[in-house]
Amino acid sequence: MGPAGSRGSASTARGSLQHLLLFLLFAGPFNCFASYSRATELFYSLNEGLPAGVLIGSLARDLRLPTAGGQHPGAPQTPLSFSLASHGLGEQYVQLDNRSGELHTSAVEIDREALCVESSGATIFGGAAAISFSSPSSESCLLLLDVLVLPQEYFRLVKVKIAIRDVNDNAPHFPVPHIRLSVPENAPVNTRLAIEHPALDPDVGTNGVQTYRLRDNYGVFTLDVEENESGERTPYLIVMGALDRETQEEYVTVIVAEDGGTPPLMGSATLTIGISDINDNCPQFSNSQLNVTLYGNSSLGTHVSTVHAVDMDLGSNAQITYSYSQKVPQLSRELFHLDESSGVITLSSKLDGDTPRLHRLIILGNGPGCIPAVITVLVTIIKVMMRPPEVIPRFIANEVEGVVYLKELEPINTPIAFFTIKDPDEKYKVNCYLDGNGPFRLSPYKPYNNEYLLETTEPLDYETQQLYEISVVAWNSEGFHVNKIIKVQILDDNDNSPVFSQQLIELSIEENNVPNAFLTKLHAADADSGERGQVSYFLGPDAPSYFSLDKTTGVLTVSTQLDREEKEKYRYTVKAVDSGFPPRESIATVTITVLDKNDNSPRFINKDFSFFVPENFPGFGEIGVISVTDADAGQNGWVALSVLNGSDIFVIDTGKGVLRAKVSLDREQQSSYVLWIEAVDGGDPTLSSTAKITVLLLDINDNPPLVLFPQSNMSYLLVLPSTLPGSPITEVYAVDKDTGMNAVIAYSIIGRRGPRPESFRIDPKTGNITLEESLMQNDYGLYRLLVKVSDHGYPEPLHSTVMVNLFVNDTVSNESYIESLLRKEPDISVEEKQPQISIEPTHKKVESASCMPTLVSLSIISLGSIALVTGMGIYICLRKGKKHHRADENLEVQIPLNGRISLHMLEKKPVEISNI
């Protein structure tokens, strides 16, 4: 933004500019707008949460300060310097370039909600300063900086104000997770109830909470939002339908608060709407009349009847009291007592001959604010002419209100009570007996008359039956019966141990389970009652520490991951203990089988396998066995092997891991093979691994030496008679495709013919033929040397022969004559002398038909020959060099038969022997 001009003449322009800046404060993106005046005051705005390095503004540009090196006349000679005048809170959020005056965000992210606390008016950080513009809104959050501009001729103090704009980075949240609201069941439609815990959102403006809604309104509720003068929004619950607590007393739903951001963010809480009871129901009897018959000899306190009314309301609204109607005569009121709380009617006065035989008792069921419910009890009294026998009990055992209490461990013949049986008129004979089922006996107690003892006949068991109801029946000779009912309550003792539903609990779980995985819930039943029947569960001492058993619930868990490959079976004991005294317990055995998962790849015993195989090994012969294992079980541990490369030559037996070659292998074609074998298991998904297989072919002496020079048995060489003894004449050069000792060649002359054939000898190692003695006049002529070229192969050396023809003469005068001599079959006697050579390999005798000793021997021989072959190669190279060096002294000339003499040197290259 440009300068506003001088202070005295720009007041109108400044006013317009201030209004424009207030508009841009909240309308622009994070890119900043600045206001500048001669009063050195700048204003910027940016969004909260921006990363480091975002440009807020350029002070030099916005202040329109000349820069050093500029073209205009006012350009400063020294560069401008910008620095913060104070080190306040705002300094950590911005970075000021001291040279350019550019202001950027720092690595400390600006959080508007953390910086600015809501207050009336703007919140300012970084120092106190007056704002020259009109007051910002209540949502303003300002960061203030004081910047010094130097050098002296441009000195000024710049007030930089940065407004932090809110972004929607906070979701609404309720202060409590569960909100409870009570609505009376008689609340009319459109009743409004404020929800006391509205949602909070640290964001401001439209980014704050805007709306509320219910996920399930049950068709009877809705929400409305009211906004007060300060902008706070409060949700209200509105009743849209009739409520009835007796139909549904509670509604549980979810209240959702949503802000106005893009996209909107939401928060929720559980809203429980309780329907409070009002007294909208009155007591009701299920019947309108009860008919009761009562004997005239009934004793005081005899139960006549019980009335019971029901009120559907709750609490005090459902409280019912019973009373006689005013229509009930006073005589009936005195004769029959009505309990106002329980509705029990008992005989309260003695019946006699003057008592009326019919009583109509009108009883009211009274509820608060209700018209009483009415029921009529019609009591008919039957007149009795004689008094019934009397049964008078005297209890020995503990008795409370007609109930006798016996422990289940009481012995047989435990006395319960004495009964005295008599006729009150003493006119009739009275007998008695015991009526009812149970281990009890009523017998006369001698020597007294009319005295009877009630006692037990068998042990009592609380778990079999807890309550017995028996009757002592007395009757006289006139047939009049009287019953005395006795209830016997058996008291429980801790005589039962907890019993597991299974003594052997067999469980299974897959390996690699999640920690604290559920295994089972143990249950042991205890037939005892109360605390004696409460069972606690414990692990036995043999249980591993990573198993846990909840003492109360019996839930068995494992706290760690189980590995089947480490341990497949677990077996330990668990104990169930009751709470009796002394406590009783029982033990069960838990077995856990860890089920396999395909979590282990096949594993080769070695990552690299090497097999030494003699060449010409028969097809589909066993080269070697590749051992592979898989720690998994079953299908997951089944391993299939396959050849990834070279499958056209090699094949592998999946079951046994035997590697075979489909064809016979020739070392001279290829000395080694590198294969990659893949092992794949049978899991789902499958796992695999690979191994490198190197097949090294051991050489067998299957190639005889190949003579490269001389190339023909018909060629010949002219030897001058002047040749000095010891001079090299020619050489025999041969190679062998085998390796090691099989390729070590020895030369020997096995046949000679000529004037003085012993004049020539051959070097057994190099094949060089030299002149041994001086040639005389009578030594002229054709010499034919049969040379044997033999290797040192094992078990049997191989050889080749070549004819070396030497013509001793000064010149060749008659080629046709020499040709005729060469065409004749030479009459040469073969010498069986073996060539002597310094290399003396040792061959061990094969002592068995097995291949293994042979393979071992060949391997040792081959490895030992590496150095020898290398030395021979060097020697051959040196020899060839020497021969070229001596070319001037001794020229080998091959004279063709056509009479033309061409002198040349035959170039021979040494053969590289490798792949030993």
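Along each chain, the written sequence defines residue order, and numbers are assigned to residues from 1. Thresholds applied to this predicted model are a pLDDT of at least 70 for local features of residues and 80 or more for the giving and counting of side-chain atom pairs; totals over whole chains, interfaces and linings are not thresholded and use all residues. The basis for every side-chain value is the complete set of heavy atoms in the structure, and neither hydrogens nor water enter the calculation.

Caption draft 1: Focus on the overall build of the protein. Counting its secondary structure elements, the protein contains six helices and 62 strands. Residue contacts are counted whenever heavy atoms from the two residues lie within 4.5 Å of one another. Sequence separation of at least 24 residues holds for 67% of the intrachain contacts in the protein that already meet a minimum separation of 6. Taken as a whole, the protein presents about 49,000 Å² of accessible surface, with 51% of it coming from carbon and sulfur. Only DSSP runs of H or I reaching four residues or more are called helices, and only runs of E reaching two or more are called strands; each is numbered from the N terminus. Accessible surface is estimated by sampling points in the Shrake-Rupley manner with a 1.4 Å probe; for residues, cover comes only from the protein chains shown.

Caption draft 2: Representation of the pattern of salt bridges in the model. One speaks of a salt bridge when a side-chain nitrogen belonging to Lys or Arg is within 4 Å of a carboxyl oxygen belonging to Asp or Glu. Per the stated rule, a full pass over the model turns up 22 salt bridges. A salt bridge links arginine 564 to glutamate 568; its shortest N-O distance comes to 3.7 Å. Only protein chains enter the accessibility calculation, which uses a 1.4 Å probe; a residue whose area is less than 20% of its type maximum is buried, one above 50% is exposed, and one in between is partly exposed. Note on arginine 564: relative accessible area 9%, which makes it buried. A relative accessible area of 36% places glutamate 568 in the partly exposed class. Here glutamate 668 and arginine 667 are joined by a salt bridge, their closest N and O atoms 3.1 Å apart. A residue is classified by how much of its surface remains accessible, and glutamate 668, at 24% relative accessible area, is partly exposed.

Caption draft 3: Main features of the packing of aromatic side chains. Under the pairing criterion, centres of Phe, Tyr and Trp rings, with the six-membered ring standing for Trp, must be within 6.5 Å; the plane angle then separates stacked pairs below 30 degrees from edge-to-face pairs above 60, leaving the rest tilted. Tallying each qualifying case throughout the model produces 17 aromatic pairs. Consider the rings of tyrosine 433 and tryptophan 475, whose centres lie 5.5 Å apart with planes at 65 degrees: the pair is edge-to-face. With tyrosine 433 in strand E29 (residues 430-435) and tryptophan 475 in strand E32 (residues 467-476), this pair connects stretches of sequence that are 42 residues apart. Here tyrosine 433 falls in the partly exposed class, since its relative accessible area comes to 36%. The class for tryptophan 475 is partly exposed, based on a relative accessible area of 26%. Note on phenylalanine 609 and phenylalanine 611: the rings are 6.3 Å apart at their centroids and 15 degrees apart in plane angle, and the pair reads as stacked. Judged by relative accessible area, phenylalanine 609 falls into the buried class, the value being 8%. Assessed through its relative accessible area of 14%, phenylalanine 611 is described here as buried. Taken together, Tyr546, Phe547, Tyr570 and Tyr572 form an aromatic cluster joined through their ring pairs. Sitting over a ring, as applied to charges here, requires NZ of Lys or CZ of Arg to be within 6 Å of the ring centre and within 35 degrees of the ring normal. Sitting over the face of the ring of tyrosine 236, arginine 192 holds its NZ or CZ atom 5.2 Å from the ring centroid.

Caption draft 4: The environment of lysine 569, seen in detail. Relative to the helices and strands, lysine 569 resides in strand E41 (residues 569-578). By relative accessible area, which is 53% here, lysine 569 ends up exposed. Here the alpha-carbon distance between lysine 569 and isoleucine 592, two residues 23 residues apart in the chain, equals 5.8 Å. A distance of 2.8 Å separates the side chain of lysine 569 from the side chain of threonine 593, its partner in a polar contact. Residues adjacent in sequence count toward polar contacts only when both atoms are side-chain atoms; beyond that, a polar contact is any pair of N or O atoms within 3.5 Å, and within protein one must be able to donate a hydrogen and the other to accept it.

Caption draft 5: Highlighting the layout of surface pockets. Buried and open spaces are told apart on a 1 Å grid over the protein atoms alone, a cavity being a set of points where a 1.4 Å probe fits but cannot get out and a pocket being an open set with protein on both sides within 12 Å along at least five of seven lines. Residues with an atom within 4 Å of a point are the lining residues. Grid points are joined across faces, edges and corners, and a volume is the space filled by probe spheres set on the points. Taken as a whole, the largest pocket holds about 1,100 Å³ of empty space. Of all the secondary structure elements, the ones that give two or more residues to the lining of the largest pocket are strand E25 (390-395) and strand E33 (481-491). Ranked by residues supplied to the lining of the largest pocket, first place goes to E33 with five residues. Charged residues are taken to be Asp, Glu, Lys and Arg, nonpolar residues to be Ala, Val, Leu, Ile, Met, Phe, Trp, Tyr, Cys and Pro, and polar residues to be all remaining types, Gly included. Partitioned by chemical class, the residues of the lining of the largest pocket number 14 nonpolar, 10 polar and seven charged.

Caption draft 6: Main features of unusual backbone geometry. In this model, leucine 150 is joined to proline 151 through a cis peptide bond whose omega is 15 degrees. Residue position: proline 151 is located in the loop between strand E7 (141-150) and strand E8 (156-165). With omega at 5 degrees, the peptide bond leading from lysine 446 into proline 447 counts as cis. Relative to the assigned elements, proline 447 resides in the loop between strand E30 (440-444) and strand E31 (451-456).

Caption draft 7: Spotlight on the sheet that holds strand E40 (residues 555-558). DSSP calls a pair of strands paired once it identifies at least 2 bridges connecting them. Here we have three strands laid out as an open sheet, ordered E36-E40-E39, and antiparallel in their pairing. Taken across any chain shown, the strands that pair with only one partner, and hence form the sheet edges, are strand E36 (517-521) and strand E39 (547-549). On average, each strand axis in the sheet is tilted by 25 degrees relative to the strand beside it, whichever way the strands run. Two elements, E36 and E40, share four bridges in a ladder whose sense is antiparallel. Pairing of alanine 517 across the sheet is with valine 558, part of E40. Think of each axis as a best-fit line through the C-alpha atoms, taken over the contacting stretch in the case of a helix, with angles from 0 to 180 degrees between the N-to-C directions.

Caption draft 8: Representation of the sheet that holds strand E54 (residues 728-731) in the model. Across the sheet, three strands lie side by side as E54-E58-E57; this open sheet has antiparallel pairing. The open sheet has two free edges, formed respectively by E54 and strand E57 (760-762), since each of these has just one partner strand. Here the strands of the sheet are splayed against their neighbours by 25 degrees on average, with no regard to which way each runs.

Caption draft 9: Structural detail: the nonpolar core. Only buried residues count toward a nonpolar core. Its members are Ala, Val, Leu, Ile, Met, Phe, Trp, Tyr and Cys residues joined through side-chain atoms within 4.5 Å. Of all hydrophobic cores here, the largest spans 30 residues; its most connected members are Leu59, Phe82, Leu103, Val147, Val160 and Ile162. Among the secondary structure elements, those contributing two or more residues to this core are strand E1 (41-47), helix H2 (59-62), strand E3 (81-84), strand E4 (94-96), E7 and E8. Here the element with the most residues in this core is E7; it accounts for five residues. Residues in contact with leucine 103, not counting those within four places in the same chain, are Val54, Leu55, Ile56, Gly57, Leu59, Val94, Gln95, Leu96, Leu145, Val160 and Ile162.

Caption draft 10: Just the state of the cysteines, in detail. Throughout, a disulfide means two cysteine sulfur atoms within 2.5 Å of one another. Evaluation of the coordinates by the stated rule reveals two disulfides. The disulfide bridge from cysteine 116 ends at cysteine 141, spanning 1.4 Å between sulfur atoms. On the sign convention where negative is left-handed, the bridge of cysteine 116 and cysteine 141, at about 40 degrees about the S-S bond, is right-handed. With a gap of 25 residues between them, cysteine 116 in the loop between helix H3 (112-115) and strand E6 (123-125) and cysteine 141 in strand E7 connect regions that are remote in the sequence. Assessed through its relative accessible area of 1%, cysteine 141 is described here as buried. Counting its disulfide-bonded cysteines in sequence order, the protein shows a connectivity of 1-2, 3-4.

Caption draft 11: Here's a closer look at the pairing of strand E13 (residues 233-239). The element E13 is largely enclosed, with a buried count of five among its seven residues. With three bridges joining them, strand E10 (residues 192-194) and E13 adopt antiparallel strand pairing. Bridged to leucine 193 within E13 is leucine 237. Sheet topology note: the strand E12 (residues 221-227)/E13 ladder contains seven bridges and is antiparallel.

Caption draft 12: Expanded view of helix H5 (residues 815-823). Those residues of H5 not exposed but buried are Glu815, Ile818, Glu819 and Leu822. Take H5 and look down its axis: the buried residues cluster within an arc of 100 degrees, on one side only. Residues of H5 that are buried in the fold lie against strand E53 (716-719), strand E59 (781-791) and strand E60 (799-808). Note: the arc covers the axis-to-C-beta directions of the helix.

Caption draft 13: Here's a closer look at a nonpolar patch on the surface. A contiguous nonpolar patch, built from Leu644, Val674 and Trp676 and spanning about 280 Å² of accessible area, is present on the exposed surface. Within the secondary structure, tryptophan 676 is located in strand E50 (residues 672-681). To count toward a patch, a residue needs a relative accessible area above 30% and no salt bridge. Like charges then connect within 9 Å, nonpolar side chains (Val, Leu, Ile, Met, Phe, Trp, Tyr) within 5 Å.

Caption draft 14: Highlighting the confidence of the model for the protein. pLDDT measures the predictor's confidence residue by residue and takes values from 0 up to 100. In the predicted model, the protein carries a mean pLDDT of 80, and the fraction of residues at 70 or more is 82%. Contacts of residues 119-124 to residues separated by more than four positions or lying in other chains number 15 contacts, the stretch itself having pLDDT below 50. Per-residue pLDDT stays below 50 along residues 837-851; that stretch engages in 24 contacts with residues further than four places along the chain or on separate chains.

Caption draft 15: The arrangement of the environment of leucine 539 in detail. Relative to the assigned elements, leucine 539 resides in strand E38 (residues 535-539). With a relative accessible area of 26%, leucine 539 lands in the partly exposed category. For the pair leucine 539 and aspartate 550, spaced 11 residues apart in the sequence, the C-alpha separation amounts to 9.3 Å. In contact with leucine 539, other than residues within four places in its own chain, are Phe547, Ser548, Leu549, Leu556, Tyr572, Thr573 and Val574.

Caption draft 16: Here's a closer look at the environment of glycine 296. Within the element layout of this structure, glycine 296 appears in the loop between strand E17 (289-295) and strand E18 (303-306). Residues glycine 296 and lysine 383, spaced 87 residues apart in sequence, show a C-alpha to C-alpha distance of 4.8 Å.

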